[in-house]
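What follows is the residue order along each chain.
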Amino acid sequence: MPELPEVEVIARGLDGWLPGQRIQAVDLLWPRSVALPAAAEFIAGLTGRRFERVGRRGKFVQMALDNGATLFVHLRMSGSLYRAPAGAPPGPHTRALFHLAGPCDLYFADTRKFGRLYLTYEPAEIVSRLGPEPLGDDFSAGWLTTALRGRRTRIKPLLLDQTFIAGIGNIYADEALFLAGLHPSRVADSLSAGEAGRLHAAIREVLQSAIARRGTTLSDYRDAEGERGQNQEFLRVYGRAGWPCERCGRPIERTVIGQRSAHFCPACQI
DNA sequence: AAGAGACCCTGGATGC
DNA sequence: TGCATCCAGGGTCTCT
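Residues numbered from 1 in each chain as written. Chains lettered and ligands numbered in written order. Predicted model: local features only at pLDDT ≥ 70, side-chain atom pairs only at ≥ 80, totals over all residues. Heavy atoms only, no water.

Student: Just checking my understanding: could you explain the sheet that holds strand β4 (residues 60-65) for this structure?
Tutor: In any sheet, the strands associate via hydrogen bonds between backbone groups, in a parallel or an antiparallel arrangement. The 5 strands lie next to each other as β2-β9-β5-β4-β3, forming an open sheet whose pairing is mixed. At either margin of the open sheet sits one strand with a lone partner, and together these are β2 (34-36) and β3 (51-57). Ignoring strand direction, the axes of neighbouring strands in this sheet form an average angle of 25 degrees. Judged from the 5 bridges that link them, strand β5 (residues 70-74) and strand β9 (residues 116-120) form a sheet pairing that is antiparallel. The residue of β9 that forms the bridge with F72 is Y118. On the sheet, helix α1 (residues 4-15) packs against β3 and β4 and is oriented at approximately 170 degrees with respect to β3. Contacts from helix α2 (residues 39-46) reach β2, β4, β5 and β9 within the one sheet, and its direction differs from that of β9 by about 60 degrees. (Pairing = 2+ DSSP bridges. Helix = DSSP H or I, 4+ residues; strand = E, 2+ residues; numbered from the N terminus. Axes fitted to C-alpha atoms, helices over the stretch in contact; angles between N-to-C directions. Contact = heavy atoms within 4.5 Å.)

Student: Please clarify how the protein's contact with DNA strand B should be interpreted in this entry.
Tutor: Near DNA strand B, the surroundings consist of 13 residues, among which R32, R112, K113, R152 and T153 are the closest. R32 places a side-chain nitrogen or oxygen 2.6 Å from a phosphate oxygen of DNA strand B. Between DNA strand B and R151 there is a distance of 3.0 Å, counted from a phosphate oxygen to a side-chain nitrogen or oxygen. Of the residues assigned to the surface near DNA strand B, the class counts are 2 nonpolar, 5 polar and 6 charged. (Near = heavy atom within 4 Å. Polar contact = N/O pair within 3.5 Å; in protein donor to acceptor, adjacent residues only side chain to side chain. Nonpolar A, V, L, I, M, F, W, Y, C, P; charged D, E, K, R; others polar.)

Student: Before we go on, may I ask you to explain the nonpolar core in this structure?
Tutor: Soluble globular proteins: nonpolar side chains tend toward being buried together. Counting 64 residues, the largest nonpolar core has L14, F42, M63, L81, F98, L106 and L199 as the members making the most contacts within it. Per element, the largest residue contribution to this core is 8 residues, and it comes from helix α7 (residues 193-212). Three or more residues apiece are contributed to this core by two domains, here domain 1 (4-127) and domain 2 (141-264). Beyond its immediate stretch of four places on either side in the chain, F98 contacts A25, V26, F42, L46, L71, D105, L106, F108 and L117. (Core = buried A, V, L, I, M, F, W, Y, C linked by side-chain atoms within 4.5 Å. Buried < 20%, exposed > 50% of the residue type's maximum accessible area, 1.4 Å probe, protein only. Domains from an automatic or database assignment.)

Student: Before we go on, may I ask you to explain the packing of helix α4 (residues 141-148) against α7 in this structure?
Tutor: What describes two packed helices is the angle between their axes and the distance between those same axes. Contact geometry of α4 with α7 gives a least axis separation of 9 Å together with a crossing angle of 125 degrees. As the angle between them shows, α4 and α7 are arranged oblique. Our pair here, α4 against α7, has a crossing hand that is right-handed. In contact with A141, L144, T145 and L148 of α4, α7 contributes A193, A196, G197, L199 and H200. Along the lines of polarity and charge, the residues of the contact of α4 with α7 split into 6 nonpolar, 3 polar and no charged. (Parallel < 35°, antiparallel > 145°, perpendicular 65-115°, else oblique. Left-handed = near helix turned anticlockwise from the far one by under 90°.)

Student: Please clarify how α7 should be interpreted in this entry.
Tutor: One turn of the α-helix equals 3.6 residues, which is why residues spaced by three or four share an orientation. With 20 residues, α7 should cover 28 Å at 1.5 Å per step; its first-to-last C-alpha distance of 29 Å lies within 8% of that length. Packing partners of the buried residues in α7 comprise α1, α4, α5 (155-160) and α6 (170-180). Just downstream of α7, R214 is the residue with a positive phi angle, here 65 degrees. (Expected span 1.5 Å × (residues − 1).)

Student: Quick question: what am I supposed to make of the domain arrangement of chain A here?
Tutor: Many authors give the size of an interface as the accessible area that is lost as the parts come together. The domain architecture assigned to chain A consists of domain 1 (4-127) and domain 2 (141-264). A straight line from the C-alpha centre of domain 1 to that of domain 2 covers 28 Å. Between domain 1 and domain 2, the contact holds 17 residues from the first and 18 residues from the second. Inspection of the domain 1/domain 2 interface yields 3 residue pairs in polar contact (both at pLDDT 80 or more). Those elements that place two or more of their residues in the side of domain 1 that touches domain 2 are α1 and β6 (79-85). Ranked by residue count, the leading element in the side of domain 1 that touches domain 2 is α1, at 9 residues. Looking at the side of domain 1 that touches domain 2 residue by residue, the classes come out as 8 nonpolar, 3 polar and 6 charged.

Student: Even after reading the chapter, I still don't get the pairing of β5, so can you show me in this structure?
Tutor: With 5 of 5 residues buried, β5 is to be regarded as a mostly interior element. Burial along β5 is two-sided: the face carrying T70, F72 and H74 and the face carrying L71 and V73 are both buried. In this structure, β4 lies alongside β5, joined through 5 bridges in antiparallel fashion. Looking at the pairing, F60 lines up with H74 of β5. Linking β4 to β5, which pair antiparallel, is a turn of 4 residues; within it G68 sits at a positive phi near 90 degrees.

Student: Before we go on, may I ask you to explain the packing of α6 against α7 in this structure?
Tutor: As a packed pair, α6 and α7 sit with axes 8 Å apart at the nearest point and diverge in direction by 130 degrees. By the criterion of interaxial angle, the relationship of α6 to α7 is oblique. Where α6 crosses over α7, the two elements pack in a sense that is right-handed. Contact residues: α6 offers Y172, E175, A176, L177, L179 and A180, while α7 offers R198, L199, A202, I203, E205, V206, L207 and A210. Each residue belonging to the contact of α6 with α7 can be placed in one class, and the counts come to 11 nonpolar, no polar and 3 charged.

And the structure:
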């Protein structure tokens, strides 16, 4: 599932070749992938436009266009954006095809159909509700310590709340809490400044390592060139229920917190 | 503020 | 074997 590191790897990959490419035509194979505007308007608004810089905000791929508009893509669970030779036949899960003037086309594929495309002149209407970027300057240990005050929810669901902090999903929330030695059910407000500092460092470490390993591929995820990531070889708790904790040897447990699976070591995470 | 549940979907796993 | 059902997952929405 694409979370911040996977989206970052995809955005960097696209930014290496997409800027300057002109969109000649758009095929919408599953129009409901477009969140806004209406499908016909989406196609008309993109046709003839040239891509500029490609970046990321939270879990959104952000693609600037030469007329000031922005194309946002949220990959949700199974979405992917990749380059394919022009004229290549769409696969069974291709939902949108961007025919470019060059030798390659841009494909949006999405098995689960949860991913969404947004074309807008007002980026704020898409991303203004997002919390700070965990790898950005706004996200400091001090900010986290203060932000946790008065929050009576459990820390794991709070890390998944995109309005609190942007880009963390289930895998990296579990991994960061393990690295910080914090139980996912801890009430956010109960963390000491020291614990908040550990969590801050753990979040950065987990995300940066995953980017360096080009993301976590458990099933669907591929980067913009169709390659698998390597970070799945380094997960310490996610998907490892029953396996020994690499720190203490006790079996990793899986439970449900806030209607999401949570993996943790019952001895190392307090 | 917090949390439960529904919804959107598919394919792999499980149950009968 | 073949079919039905369950479940995971991110985000948004409604309801309590």
